[in-house]
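# Per-entry structural report
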Amino acid sequence: MTFQVFKDIGEVSLAAARLFAVLASERANPTFNVVLSGGNTPRRLLGLLGSSPHVENIPWRNVHLFFGDERCVPANDPESNYGMVRHELLSRAPIPEENVHPIDGSAEPKAAAERYAEEIRDFFKGRSSGLFDLVLLGLGEDCHTLSLFEGTAALEAPAGRLVVENYVEKLSKWRVTMTPELVNSASVVAFLVSGSSKAKALKQALAKEGDVRAAGKCPARAIRPESGVLHWLVDKDSAALV
Ligand code: 6PG
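Residues numbered from 1 in each chain as written. Predicted model: local features only at pLDDT ≥ 70, side-chain atom pairs only at ≥ 80, totals over all residues. Heavy atoms only, no water.

We now examine the packing of aromatic side chains. Summed over all chains, the structure comprises 10 aromatic pairs. Between the aromatic rings of Phe20 and Trp60, the centroid separation amounts to 6.0 Å while the plane-to-plane angle is 40°, which identifies the pairing as tilted. Of the two residues, Phe20 is situated in helix H1 (residues 9-27) and Trp60 in the loop between helix H3 (54-57) and strand S3 (63-67); the sequence distance between them amounts to 40 residues. For Trp60, a relative accessible area of 3% puts it in the buried group. (Phe/Tyr/Trp six-rings, centres within 6.5 Å; stacked < 30°, edge-to-face > 60°. Helix = DSSP H or I, 4+ residues; strand = E, 2+ residues; numbered from the N terminus. Buried < 20%, exposed > 50% of the residue type's maximum accessible area, 1.4 Å probe, protein only.)

This paragraph deals with the site of the ligand. Not every one of the 15 residues close to the ligand is listed here, only the nearest: Thr41, Arg71, His144, Leu146 and Lys198. Within the backbone of Gly38, an N or O atom sits 3.2 Å from an oxygen atom of the ligand. At 2.4 Å from an oxygen atom of the ligand is found a side-chain nitrogen or oxygen belonging to Thr41. Surface burial for the ligand is 88%, taken as the share of its 420 Å² of free accessible area covered by protein chains. (Near = heavy atom within 4 Å. Polar contact = N/O pair within 3.5 Å; in protein donor to acceptor, adjacent residues only side chain to side chain. Areas by Shrake-Rupley, 256 points an atom, 1.4 Å probe, with all protein chains shown as cover.)

The seven strands are arranged S1-S10-S9-S6-S2-S3-S5 in an open sheet whose pairing can be described as parallel. With partners counted over all chains shown, the strands left at the sheet margins are strand S1 (2-6) and strand S5 (100-101), one partner each. In terms of strand pairing, strand S2 (residues 32-36) meets strand S6 (residues 134-137) through two bridges, oriented parallel. Counterpart to Val35 in the pairing with S6 is Val135. Against the sheet, helix H4 (residues 81-90) touches S2, S3 and S5, its axis set at about 150° to S3. (Pairing = 2+ DSSP bridges. Contact = heavy atoms within 4.5 Å. Axes fitted to C-alpha atoms, helices over the stretch in contact; angles between N-to-C directions.)

For helix H5 (residues 109-124), built from 16 residues, the straight-helix expectation of 22 Å at 1.5 Å per residue is met to within 8% by its first-to-last C-alpha distance of 23 Å. All of the buried residues in H5 are Pro109, Ala112, Ala113, Tyr116, Ala117, Ile120 and Phe124. An end-on view of H5 places all buried positions within 130° of arc, on one side of the element. Considering only its buried residues, H5 is in contact with S2, S3, S5, strand S7 (163-168), strand S8 (173-178) and helix H6 (180-183). Lys125 lies just past H5 and shows a positive phi near 40°. (Expected span 1.5 Å × (residues − 1). Arc of directions from axis to C-beta.)

Counting 77 residues, the largest nonpolar core has Phe20, Trp60, Ile120, Phe132, Leu134 and Met178 as the members making the most contacts within it. A per-element tally of this core places H1 first, with 10 residues. With residues near it in sequence (within four places) discarded, Phe20 still touches Phe32, Val34, Leu49, Ile58, Trp60, Val63, Leu134 and Leu136. (Core = buried A, V, L, I, M, F, W, Y, C linked by side-chain atoms within 4.5 Å.)

With respect to topology, three strands assemble into an open sheet ordered S4-S8-S7, the strand pairing being antiparallel. The open sheet terminates on both sides in strands that have one partner only, identified here as strand S4 (69-71) and S7. Shown here is a sheet whose adjacent strand axes are inclined to one another by a mean of 25°, direction ignored. Where S4 meets S8, three bridges bridge the pair, whose relative direction is antiparallel. Within S8, the position partnered with Arg71 by the bridge is Arg175. Contacting S7 and S8, H5 runs over the sheet at an angle of about 155° to S7.

Encoded structure:
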């Protein structure tokens, strides 16, 4: 695991863009397979990837973009994670349409989750580990990541499930999310965290194994890559309690 503290979200995003670019050039043969998250934190990063020098240097034809979670809304809804990525990155980077793998937010959640799991299985053709080269994650103020919220069924998903529908009581909404098991099989996982509102969650996420009181109820702690590397790219406001 690595833990790096930067001045602000601008610097966190620059570091994340560099990580993306380096891994893309190392692993683009045959394809560099990335999982993106929603929320506001990745917007700056996506903007950087879509502008010079990254937009010219990243081998976009070999990059495949997947989504770690999705809100159950159509792509043109302001809540849609795919819609956000389309706006911030796909409108700028020359990435072939067939390399983008959105979750269908308009479909019934269970059907969308099953179809997405099938798409992942087909894409990786029977491989069972090291599927994704890079997973980019955010951290919620309540310590959720992706749509893995405290007390929700996705955290108890049976072994072997890659993507599940997940009802989130506190939002009164369905989400579709990758499972911790799938994320934990990735080669590199990077959390991007910014802002003082995340300080308590970051402290909980990083609490020592076994320190139940310090860890609290923190779904992000379910993310522990099996043999991959975990990077924390955080700004100093979010790291204030660490
Ligand atoms: C989503 C995300 C979610 C997000 C966190 C942080 O779809 O909402 O995947 O897990 O990363 O909620 O969101 P912010 O970056 O907006 O704080």
